[in-house]
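Summary of the model geometry
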Amino acid sequence: MNNRALEITVGLFVLAGILAFALLAFKVSGLTLGQNNSGTYKVTAYFDSVEGLKVRSRISFAGVTIGKVTSIAIDPEKYQAKVTMEISDTANYLPADSTALIYTAGLLGEKYIGFSLGGDEEVLKNGSVIKDTQSSLVLEDLINKFVMGSDDSGKDIAKQLGTLNDTLKELINKKPSVVN
Amino acid sequence: MQAQKKVGVLDRIQLLGRSAIDTIASLGDAAIFLVLSLIGRRGPGKHFRLLIKQIYFVGVLSLPIIMVSGLFIGMIMALQGYNILISYASSEAVGQVVALSLLRELGPVVTGLLFAGRAGSALTAEIGNMKASEQLSGLETIGVDPLKYVIAPRLLAGFISMPLLSTIFVVVGIWGGAMVAVDWLGVFDGSYWGNMQSSVRFGYDVLNGFIKGLVFAFVATWIAVYQGYSCEATSVGISKATTKTVVYGSLAILGLDFILTALMFGEI
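None of the values given here were measured: they were computed from a predicted structure.

1. Some details on the pattern of salt bridges
All names here are of chain B. Applying the stated rule across the entire model yields five salt bridges over all chains. With a shortest N-O distance of 2.9 Å, R154 and E126 are connected by a salt bridge. Of this pair, R154 sits in helix α6 (residues 146-184) while E126 sits in helix α4 (residues 94-132), and the two are 28 residues apart along the sequence. Here R154 falls in the buried class, since its relative accessible area comes to 5%. A salt bridge links D257 to K212; its shortest N-O distance comes to 2.9 Å. Of this pair, D257 sits in helix α9 (residues 235-265) while K212 sits in helix α8 (residues 202-229), placing them 45 residues apart in sequence. Classification of D257 by relative accessible area gives buried; the value is 10%.

2. Considering the side chain of N208(B)
Among the structural elements, N208(B) can be located in helix α8. The residues contacting N208(B), other than those within four sequence positions of it, are M264(B) and F265(B).

3. Focus: the UniProt feature "transmembrane region" (unreviewed entry) in chain B
Residues and elements named next belong to chain B. According to UniProt, the "transmembrane region" (unreviewed entry) feature falls on residues 55-79, 155-182, 202-225 and 246-265. The span residues 155-182 is 100% helical and 0% strand by assignment, and the distance between its end C-alpha atoms comes to 40 Å. For residues 246-265, helix accounts for 100% and strand for 0%, while the C-alpha atoms at its two ends are 27 Å apart.

4. Notes on the packing of helix α1 (residues 3-28) of chain A against helix α7 (residues 189-199) of chain B
At a closest axis distance of 9 Å, the pairing of α1(A) and α7(B) adopts a crossing angle of 100°. In terms of orientation, α1(A) lies roughly perpendicular with respect to α7(B). Across the interface between the two elements, F26(A), K27(A) and V28(A) of α1(A) pack against W193(B), M196(B) and Q197(B) of α7(B). Residues of the contact of α1(A) with α7(B), tallied by class, amount to four nonpolar, one polar and one charged.

5. As for the nonpolar core
Grouped burial of nonpolar side chains is what soluble globular proteins tend to show. Within the largest apolar cluster, 78 residues are counted, with the highest numbers of intra-cluster contacts made by V94(B), I174(B) and Y192(B). A per-element tally of this core places α6(B) first, with 20 residues. Discounting chain neighbours no more than four positions away, the residues touching Y192(B) are E92(B), V94(B), G95(B), V98(B), I174(B), G177(B), A178(B), A181(B), V182(B) and V187(B). Ranked by size, the runner-up nonpolar core spans 22 residues in total, among them Y41(A), I59(A), A91(A) and L124(A).

6. As for a negative patch on the surface
Among the surface-exposed residues, D97(A), D120(A), E121(A), E122(A) and D132(A) lie close enough to one another that they form a single negatively charged patch. Position of D132(A) relative to the elements: it lies in the loop between β7 (128-130) and β8 (133-134).

7. A few points about the interface of chain B and chain A
Contact residues are listed per partner, giving 31 residues for chain B and 26 residues for chain A. Carbon and sulfur atoms make up 79% of the surface buried where chain B meets chain A, a total of about 2,400 Å² over both sides. Along the contact surface separating chain B from chain A lie one salt bridge. R49(B) is the salt-bridge partner of E7(A), the closest N and O atoms lying 3.5 Å from each other. Taken together, chain B and chain A are joined by one residue pair in polar contact (both at pLDDT 80 or more). Taken together, the elements giving at least two residues each to the side of chain B that touches chain A come down to α2 (48-58), α4, α6, α7 and α8 of chain B. Here the side of chain B that touches chain A takes eight residues from α6(B), the largest share from any one element.

8. A look at the sheet that holds strand β4 (residues 80-88) of chain A
Residues and elements named next belong to chain A. The strand order across the open sheet built from eight strands is β7-β1-β4-β3-β2-β6-β5-β8, with neighbouring strands paired in mixed fashion. Only two strands of the sheet have a single neighbouring strand rather than two, namely β7 and β8. Of the pairings in the sheet, the one linking strand β5 (residues 99-104) to β8 comprises two bridges and is parallel in character. Across the sheet, the residue bridging to L101 is Q134, located in β8.

9. Considerations on the packing of α6(B) against α7(B)
Residues and elements named next belong to chain B. One can describe the packing of α6 onto α7 by two numbers: an axis separation of 10 Å at closest approach and a directional angle of 145°. Classified by chirality, the crossing of α7 by α6 is right-handed. Each of I174, G177, A178, A181 and V182 in α6 lies in contact with α7, whose residues at this interface are D189, Y192, W193 and M196. Counted by class, the contact of α6 with α7 contains seven nonpolar, one polar and one charged residues.

10. Overview of the environment of Q160(A)
Residues and elements named next belong to chain A. Its place among the elements puts Q160 in helix α3 (residues 153-173). Overall, the relative accessible area of 24% leaves Q160 in the partly exposed class. Setting aside chain neighbours within four positions, we find Q160 in contact with L142 and K145.

Calculation notes
Residues numbered from 1 in each chain as written. Chains lettered and ligands numbered in written order. Predicted model: local features only at pLDDT ≥ 70, side-chain atom pairs only at ≥ 80, totals over all residues. Heavy atoms only, no water. Salt bridge = Lys/Arg side-chain N within 4 Å of Asp/Glu carboxyl O. Helix = DSSP H or I, 4+ residues; strand = E, 2+ residues; numbered from the N terminus. Buried < 20%, exposed > 50% of the residue type's maximum accessible area, 1.4 Å probe, protein only. Contact = heavy atoms within 4.5 Å. UniProt positions renumbered as here; feature names shortened; annotations may be inferred. Axes fitted to C-alpha atoms, helices over the stretch in contact; angles between N-to-C directions. Parallel < 35°, antiparallel > 145°, perpendicular 65-115°, else oblique. Nonpolar A, V, L, I, M, F, W, Y, C, P; charged D, E, K, R; others polar. Core = buried A, V, L, I, M, F, W, Y, C linked by side-chain atoms within 4.5 Å. Patch = residues over 30% accessible without salt bridge, like charges linked within 9 Å, V, L, I, M, F, W, Y side chains within 5 Å. Areas by Shrake-Rupley, 256 points an atom, 1.4 Å probe, with all protein chains shown as cover. Lys, Arg positive; Asp, Glu negative; His and termini not counted. Charge placed at Lys NZ, Arg CZ, Asp CG, Glu CD. Buried area = accessible area lost by both parts, 1.4 Å probe. Polar contact = N/O pair within 3.5 Å; in protein donor to acceptor, adjacent residues only side chain to side chain. Pairing = 2+ DSSP bridges. Left-handed = near helix turned anticlockwise from the far one by under 90°.

Put into C-alpha cells, the structure is as follows:
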C-alpha cells in the first residue's frame, strides 16, 4: 500500500472515532450546546418526607422538565426535609402559591417534583420558599395503616386513600413522563 | 544417581525474596523503558510518518474485529435486557441498559481485551522478531535510538488508537442494540432513544468511559511493547513473551477496571 492510501485510511479512522464520540455526546447522552448558558433561579421547599427523592432528580411542570434538585437536607428547626431546586430562567411563570408535589414516574419509577398551579399574581423567583407541599407517597406507611388499623383509623385511612386515589388518577391520565 | 539436595525453609524464603526482587526490578525496568521512549523525543515531526504507519497497523486493522464484536455485544445486551425487562413491563428501559453497560464497562473493557489479543500480541511478536534478528542492535550501531525509532511510534499509536476504537465499539453496539430492540422486538423508537438520553450523562458516563479507554490503552500497549523489547531473543522467548502480553494485558485491564469503576461509579 502506498503512503497516500495509508494516510487516507488512517485519517478516515481518526475521523470515524471523532464522529463516534460526537454521536455519543449528542445522540446518546442528549447533550445540548448552550444548555448551561441559560440562567437558573433557586427555590426552596419544605417536605414532611422526601422518601426516594435524590439530588439531580428532575423538576417538572405539566410533564416538561424545567429544572433539577440541587440539595436535600434536614432543617433542624422545622424537623422537615429542606429541598433546594434550580429552575430554568425560562420557566418564570410559576405563581408564588403553587404547590410542589413529589410524584413517582410509573408505579415503581423514580421520584420527581411536579408543580401544580396556584392563582397568585406574583411568580416564584430566586430565593422564594414554596409554602404548599405534598410529601412523597410511602407505600409502606399506607400498607402499615391498613394492616395495623390505627386508633382514629377511619379518617386517616380515608384521607390517605384520597391521596392515593388522586395520585393514581394522575398517573393514569398522564402520559409516561419519561418519554421525551 | 545424583543425590537430590534438600531444600530447606531458608532456601524457600530466599527464593521468595529473589522472585519479589525480580518482579519489582522488572517493574522498574518497564517504567524506565516507558519514560525513555516517551520523554526527550526530539522533533515529533520527524517520526510522524512512522506514527501514521503504526496507527494503521494497530488501529485501522483492528477495526473489523472491534466493529463486529461491538455489533454482536450490543445485540446480545438488547436481547437479554429485553427478556428480563419485559417481565417488569418496562421494556422501554432497554435503551438505557444497553447504552449504560456499553459506555461504562463493556466498551472499554472488551475493546481492551480484544486490543491486547490482536494488536498487543502482534506488537510483541514484531518487536521480539526485530530483536532476534538483531535489527534493534543494528539500529543502535548506526546511531539510531531504537527506543525513539521503533518503540515510541508504536506506544503512541496504541494510546491514540484504542480510545477511538472503544468509542466506535460503543456506537456500533448501541446501533446493534437498536436494531434488535426496535426493529425486531418492537420497542417504541422514541422510548429507546429517549430513555437513553435521559439516563446517560455526558460528563459522567461518556467521559468516564473514555478515560477508562485511555487508561487501558496505556497499560495494554505498554505491556505489549515492553514484553517484546525485553524478551529472550529466541523463538521460544518470543512465543513466551507473546503469551505474557495477552495474559498480563488482560489481567491488568480487568484489575484496573475494578479500581476505576470503584473510583468513578462507586458512590452515586
